[in-house]
Amino acid sequence: MSAAYPHLLAPLDLGFTTLANRVLMGSMHIGLEDSRRHFPALAAFYAERARGGVGLIVTGGFAPNIEGWSKPLAGTLATRAAARRHRQVSRAVHAEGGKIALQILHTGRYAYQPLAVAPSAIRSPISPFTPRALSARGIERQIRAFVRCAALAREAGYDGVEVMGSEGYFINQFLVTHTNRRGDEWGGAYASRMRLPVEIVQRVREAVGPDFIVVYRLSMLDLIAEGSSWAEAAALAKAVAAAGATILNTGIGWHEARIPTIATSVPRAAFAWVTQKMRAELRAAGIATPLAASNRINTPEVAEQVLAGGSADLVSLARPLLADAEFVAKARAGRAEDINTCIACNQACLDHTFQNRLASCLVNPRAARETTLVLRAAPVRRRYAVVGAGPAGLAAATTLAERGHEVQLFEAAAEIGGQFTLARRIPGKEEFAETLRWFGRRLAATGVQVHLATPATAPMLAAGGFDAVLLATGVSARDPRIPGQELPHVLSYVELLRGDRPAGERVAVVGAGGIGFDVAAFLVTPPGHSPTLDLRQWRAEWGVADPAEVRGGVVRACPAPPVRRVTLLQRKGGKFGRTLGKTTGWIHRATLAMKGVEMIGGVNYERITPEGLFVSHGPERRESRLIACDTVVLCAGQEPLRELQAPLVAAGVAVHLIGGADAAAELDAKRAIAQGTQRAATL
Ligand code: FAD
Ligand code: NAP
Ligand code: SF4
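Residues numbered from 1 in each chain as written. Chains lettered and ligands numbered in written order. Predicted model: local features only at pLDDT ≥ 70, side-chain atom pairs only at ≥ 80, totals over all residues. Heavy atoms only, no water.

Turning our eyes to something else, we now look at the overall build of the chain. Within the chain, the regular secondary structure consists of 22 helices and 27 strands. Radius of gyration (C-alpha) of the chain: 27 Å, near the 26 Å computed for a compact globule of 683 residues. The principal-axis extents of the C-alpha atoms in the chain amount to approximately 75 × 65 × 45 Å. Considering the chain as a whole, with its 683 residues, one finds that 59% of them fall into the buried category. Across the chain, every contact between residues at least 6 apart in sequence was considered, and the portion connecting residues at least 24 apart equals 71%. Of the roughly 25,900 Å² of accessible surface on the chain, a fraction of 53% belongs to carbon and sulfur atoms. Side-chain charges of the chain comprise 78 positive and 59 negative groups, with the mean position of each set lying 5 Å from the other. (Helix = DSSP H or I, 4+ residues; strand = E, 2+ residues; numbered from the N terminus. Rg over C-alpha atoms; globule rule 2.2 N^0.38 Å. Buried < 20%, exposed > 50% of the residue type's maximum accessible area, 1.4 Å probe, protein only. Contact = heavy atoms within 4.5 Å. Areas by Shrake-Rupley, 256 points an atom, 1.4 Å probe, with all protein chains shown as cover. Lys, Arg positive; Asp, Glu negative; His and termini not counted. Charge placed at Lys NZ, Arg CZ, Asp CG, Glu CD.)

Written out as C-alpha cells, the structure reads:
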C-alpha cells in the first residue's frame, strides 16, 4: 500500500477473489473489438494496462446478439467459437497478473443498424433507425442472450462480466416511461419496468456460479426530463445487489442528454456525490455491495479524495488509462507527477469512435497502437535539433531522446508549450496545463537539452553539426486583410489570450473556428471564474439537480450572466462550429448560446472603424451594416511558419517538418503530437 494513496491502492476483497486495488478500468470501445483480425492488438492493449497495475479491466462493449449490435457487425459474443477467440485477450491479461471482465452491451434503440429492438418503437435522437418493439417472447430471447454471453465470457477465461444498464442503452430503456410505453408485465409501474435488469442479473448469476464477478452499471442520474427518480434508482440498486451483482458501477447521463458529463469543461469528480448518495442508501439498508464512482476522475489525488471521503469503494477510470497505461504503477511508486493526464478532450477517443475510426489518445498516440507504434532503442546515437517546444516539438524531442538520441530543443518563448500555453487559459480547458506539466517531466527524464528564450536561426542551426533538424515552429495567425485592422482596438487572439491588451465591453470576433469559439468563451467569462473549477456554479450553469428533488436530475439552467456582449462572425453560411469535435461541438455551441453570444454567418468583412466592424452579405456585398463594438479580435485561422526550411536546405541540412510547420490546415494538437511521435520513432 502506498503512503500517498492508501485508499486507492488498498486491495478489495470480493469474497471469492481479491482485486489488487480500487481502480476499475471503465469500458471503452476502441474499435479493435469488432474484427477478429484485431484481437492480437486488443490483447496487447489490455495487457499493457494490466501490466500497469489496473485492479479490474472492463472491456469495450460486446453485443450478446445481433439485435444488440451498436452498428452492423459490431463485436459480439454469442458462440463458443467466438469465446475461443476471446481466450487470447483473457490470457494476455492474466499473464500480466491482471483481471478482466467482459462488458455485455445491448444498445437497443441507440443501435445504428436496422435490426434494433427496444421496449417500445420510439426512435432515439441519435440514430436514424426506429427500433422494433419487442414481444414478450422477444424480451425472453434478449434475456437468454445476456445469460449466454455471460456464460461464454466465463468459458473464454474472463474473470467476470459487466452488464451495461446505463447511458440510455437497452436495459435503461425499459426503466423509464420516456422509452417504455408498454402495457404488459414489462411496462407500466416501476416494479414491472425494472424487471428486466433484475432478471438478467439473477439469471446471469445462476449461469456463471457464485465465483464470477458480475458488475452492474446502473444509471444513477439519467439527466433526461422523464428519467428515473431517486427512489426508483435506489430500489433498482438494492434489487440488483440482491439478485447477485458483485459491484455496482455508476452510470451518469443518457447519450441523448444535453448536459455534458465527461468533457474537459466538466469539473473533476463532478458526479461523485451521486455515487456517495447511493452508497449511503445501500449501507443504510445493510447492503455491502461495493460501488464504483465514475466520470472525470483523472488523477490519483482526485481518486483518493473520492474514496477517502466515502463516496465510493472503487473508482472507474477509462480515458485516463488510454492516456497512461501506467497510471496505477506510477501512483504506487510515488510518481504521480509522471502520469500523462487525460485532458478529457475526447478528440482521439470518443470522437474517433463516433466516426467509426480506431480510437487512440491525443496525449498518448501509442494508445491502441501498442503493436504498431513501438519505440525501439536507436541503433546509432545521433544529434538532433528540434525547433519549437509546442506539442509537436515536445513529442518529437522526448521521443527521440527516449530512444537514445542526443536532442537540443530550441524555443523562442520563455516557457514550453506553444499554443497550448494559450489553450489552457480558456475557461473549461484548464486541464491542458497537465500536458505541459507532463512534457516538462519527460524533457527532464529523457535528458533533452532545453534552450528557452532562444529563437533558432538558420546559421546557428547549420553551424550546430546536427544530423537533422526537426522544424516544429508551428503557425502564425492568418492576416485577414480587413481595412482598418491596424486600429488600436483590433487585437489578435494571441494578444488577447496572453493578456497583452485588454478587451472592451462589446466585442466582435472575426472567425468562428476552434479558436474563435474559445475566444468567445474567454470573453464572456469573468477572469478566474471558470465554472469548471467550481462544481456548484457548474451545476447551476447546466441545471444539474439532485434526483431526489427532481426526476432525472434536470432543472432549468441558471447560467451566470456574460461579462461582455460578444458577436461571433464567419464568412461561410450554415451551422456554426462545424469543425468542432463530434462529441463536444454541441457543448461549445450551447455554452455560447447560454451566454447570449450572437452568431452571424455569411458575412463579408468590409472595414473596421472606431465605431466597430462593417459587414455586408452575399457576393454582391449588399446591405453593409455596422456591428457596433469597442474591440475586434481576429481569429481568422493560421498559416504554417517555416521560414527556416529554405535556408537550412540550402545549407545542406536535413530538415523534417512536423505539426503546424508542416501543415496548418486542420491542425490540432492531436495531429501535432502524433506526427512528432511517429517521425521521431523512425529516425
Ligand atoms: P505551436 O503550438 O504553435 O508551437 C510552435 C512553437 O515554436 C512555439 O512555441 C514557438 O514559440 C516556437 N518557435 C517558432 N519559431 C521558432 C524559432 N525560430 N525558434 C525557436 N522556437 C520557435 N488543439 C487541440 O487539439 N485541441 C484544442 O482544444 C485546442 N484548443 C486550442 C485553443 C487555443 C486558444 C489555441 C490557440 C489553440 C488550440 N489548439 C487546440 C491548437 C493547438 O494548440 C495547436 O494545434 C498545436 O499547439 C500546434 O502545435 P505545434 O507544435 O505544431 O505548434
Ligand atoms: P480554423 O478552425 O481553421 O478557423 C478559422 C476561422 O477563420 C474560420 O471560422 C474561417 O471561417 C475564418 N477565416 C479563414 N480565413 C479567413 C480570412 N481570410 N478572413 C477572415 N476569416 C477567415 O482555425 P482556428 O480557429 O485558428 O483554429 C486552429 C486549429 O486549432 C484548428 O484546426 C482547430 O482544430 C484547433 N483548435 C481546436 C479546438 C478544439 O476544441 N478541438 C479549439 C481551438 C483550436 P470563414 O472562412 O467562414 O470566415
Ligand atoms: Fe483523454 Fe483526450 Fe486522450 Fe481521450 S484523447 S483519452 S479525452 S486525453
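Having seen the structure, we can now continue with the description.
Glancing now at the domain arrangement of the chain. Structurally, the chain comprises domain 1 (12–354), domain 2 (383–476 + 640–682) and domain 3 (479–525 + 562–636). A separation of 39 Å is found between the C-alpha centroids of domain 1 and domain 2. The partner domain 2 presents 10 residues to the 16 residues of domain 1 that form the contact. In total, domain 1 and domain 2 occlude about 1,200 Å² of area from one another, counting both sides; carbon and sulfur atoms represent 45% of this. It is Glu337, Ile343 and Gln347 that lose the most area in domain 1 upon contact with domain 2, and together they represent 39% of the buried surface on that side. Taken together, domain 1 and domain 2 are joined by 11 residue pairs in polar contact (both at pLDDT 80 or more). When grouped by side-chain class, the residues that make up the side of domain 1 that touches domain 2 number 5 nonpolar, 7 polar and 4 charged. (Domains from an automatic or database assignment. Buried area = accessible area lost by both parts, 1.4 Å probe. Polar contact = N/O pair within 3.5 Å; in protein donor to acceptor, adjacent residues only side chain to side chain. Nonpolar A, V, L, I, M, F, W, Y, C, P; charged D, E, K, R; others polar.)

To continue, consider helix H15 (residues 432–446). The terminal C-alpha atoms of H15 lie 22 Å apart, and with 15 residues this matches the ideal 21 Å at 1.5 Å per residue to within 8%. Inspection of H15 places Phe432, Glu434, Thr435, Leu436, Trp438, Phe439, Leu443 and Thr446 among the buried residues, and these make up the whole buried set. For H15, the secondary structure elements touched by its buried residues are helix H13 (391–402), strand S14 (406–410), helix H14 (420–423), strand S15 (449–451) and helix H22 (669–682). (Expected span 1.5 Å × (residues − 1).)

Before going further, it helps to spend a moment on the nonpolar core. Within soluble globular proteins, side chains that are nonpolar generally end up buried alongside one another. Residues Tyr216 and Phe271 are the most contacted members of the largest nonpolar core, which totals 156 residues. Per-element tally for this core: the top contributor is helix H7 (residues 230–243), with 9 residues. Residues from two domains meet in this core; each of domain 1 (12–354) and domain 2 (383–476 + 640–682) gives at least three. Excluding residues that lie within four positions of it along the chain, Phe271 makes contacts with Leu221, Leu223, Ile252, Pro260, Thr261, Val266, Ser294, Asn295, Trp538 and Val544. Residues Ala512, Val519, Ala520 and Cys635 belong to the second largest nonpolar core, which totals 24 residues. (Core = buried A, V, L, I, M, F, W, Y, C linked by side-chain atoms within 4.5 Å.)

Turning our attention to the packing of aromatic side chains. For the structure shown, the criterion picks out 9 aromatic pairs. Note on Tyr112 and Phe129: the rings are 5.9 Å apart at their centroids and 80 degrees apart in plane angle, and the pair reads as edge-to-face. Separated by 17 residues along the polypeptide, Tyr112 in the loop between strand S5 (100–104) and strand S6 (117–118) and Phe129 in the loop between S6 and strand S7 (132–133) bring together distant segments of the chain. What makes Phe129 partly exposed here is its relative accessible area of 27%. With a centroid separation of 5.2 Å and an interplanar angle of 75 degrees, the aromatic rings of Phe170 and Phe174 are classed as edge-to-face. On the criterion of helical spacing, the pair formed by Phe170 and Phe174 is a turn pair, its members being 4 residues apart in helix H4 (residues 170–175). In this structure, Lys277 packs its charged tip against the face of Trp230, placed 5.3 Å from the ring centre. Of note, Arg607 hangs over the ring of Phe614, and the distance from its end group to the ring centre comes to 4.1 Å. (Phe/Tyr/Trp six-rings, centres within 6.5 Å; stacked < 30°, edge-to-face > 60°. Lys NZ or Arg CZ within 6 Å of the ring centre and 35° of its normal.)

Here we come to empty space enclosed by the protein. In total, this model carries 3 cavities of 30 Å³ or more according to the counting rule given. The calculated volume of the largest cavity comes to roughly 80 Å³. Its residues placed into classes, the lining of the largest cavity shows 10 nonpolar, 3 polar and 1 charged. Lining the second largest cavity, in full, are Val524, Thr525, Pro526, His529, Pro531, Gln537, Glu541, Ala560, Pro561 and Lys595. When its residues are assigned to classes, the lining of the second largest cavity shows 5 nonpolar, 3 polar and 2 charged. (1 Å grid on protein atoms, 1.4 Å probe; cavity = no way out; pocket = protein on both sides within 12 Å on 5 of 7 lines; lining within 4 Å. Points joined across faces, edges and corners; volume = space filled by probe spheres on them.)

Remark: H13 packs on H15, axes separated minimally by 9 Å, with the N-to-C direction vectors making an angle of 30 degrees. Here H15 runs roughly parallel to H13, going by the angle between their axes. Where H13 crosses over H15, the handedness of that crossing is left-handed. Of the residues in H15, those in contact with Pro391, Leu394, Ala395, Thr398, Ala401 and Glu402 of H13 are Leu436, Phe439, Arg442, Leu443 and Thr446. Grouping the constituent residues of the contact of H13 with H15 by class yields 7 nonpolar, 2 polar and 2 charged. (Axes fitted to C-alpha atoms, helices over the stretch in contact; angles between N-to-C directions. Parallel < 35°, antiparallel > 145°, perpendicular 65-115°, else oblique. Left-handed = near helix turned anticlockwise from the far one by under 90°.)

The environment of ligand 3 is formed by Arg319, Leu322, Cys342, Ile343, Ala344, Cys345, Asn346, Ala348, Cys349, Cys361 and Leu362. In this structure, ligand 3 is accommodated by the largest cavity. When the residues that make up the shell around ligand 3 are grouped by side-chain class, the tally is 9 nonpolar, 1 polar and 1 charged. (Near = heavy atom within 4 Å. Sits in = over half its atoms within 2 Å of the grid points.)

Contacts to ligand 1 come from 36 residues, most closely from Gln347, Glu411, Lys429, Gly660 and Ala669. Contact between ligand 1 and Pro391: an oxygen atom at 3.3 Å from a main-chain N or O atom of the residue. Going through the elements one at a time, H13, H14, helix H17 (493–498), helix H18 (514–524) and H22 are the ones with two or more residues in the shell around ligand 1. When residues of the shell around ligand 1 are assigned to their parent elements, the largest contribution, 3 residues, is made by H22. Class assignment of the residues belonging to the shell around ligand 1 gives a composition of 21 nonpolar, 10 polar and 5 charged. Among the domains, domain 2 (383–476 + 640–682) and domain 3 (479–525 + 562–636) are the pair contributing at least three residues each to the shell around ligand 1.

Here we take up the pairing of S5. Extensive coverage of S5 is indicated by the burial of 5 of its 5 residues. Residues Ile100, Leu102 and Ile104 line one face of S5 and the alternating positions Ala101 and Gln103 line the opposite face, and both faces are buried. Bridging between strand S4 (residues 56–62) and S5 involves 4 bridges; their strand directions are parallel. Each residue of the ladder has a partner; that of Gly61, found in S5, is Gln103. As judged from the 4 bridges shared by S5 and strand S8 (residues 160–165), these two strands associate in the parallel manner. Its bridge partner being in S8, Gln103 is matched across the sheet by Glu162. (Pairing = 2+ DSSP bridges.)

On to the sheet that holds strand S13 (residues 383–387), then. Judged by pairing direction, the sheet is parallel, and its 5 strands sit side by side in the order S15-S14-S13-S16-S27 without closing on themselves. Of all strands in the sheet, those bounded by a partner on one side alone are S15 and strand S27 (655–657). With direction set aside, neighbouring strand axes in the sheet form an average angle of 20 degrees. Pairing of S13 with strand S16 (residues 468–471) involves 4 bridges; the strand directions are parallel.

Before going further, it helps to spend a moment on the pattern of salt bridges. Considering all chains together, one arrives at 36 salt bridges under this definition. Of the charged contacts in the structure, one is a salt bridge between Glu140 and Arg144, with a shortest N-O distance of 3.1 Å. In this pair, Glu140 and Arg144 are both assigned in helix H3 (residues 136–155), 4 residues apart and thus about one turn of the helix distant. Take Glu140: its relative accessible area is 22%, and that puts it in the partly exposed class. Arg217 is the partner of Glu167 in a salt bridge, and the nearest nitrogen-oxygen pair spans 3.7 Å. (Salt bridge = Lys/Arg side-chain N within 4 Å of Asp/Glu carboxyl O.)

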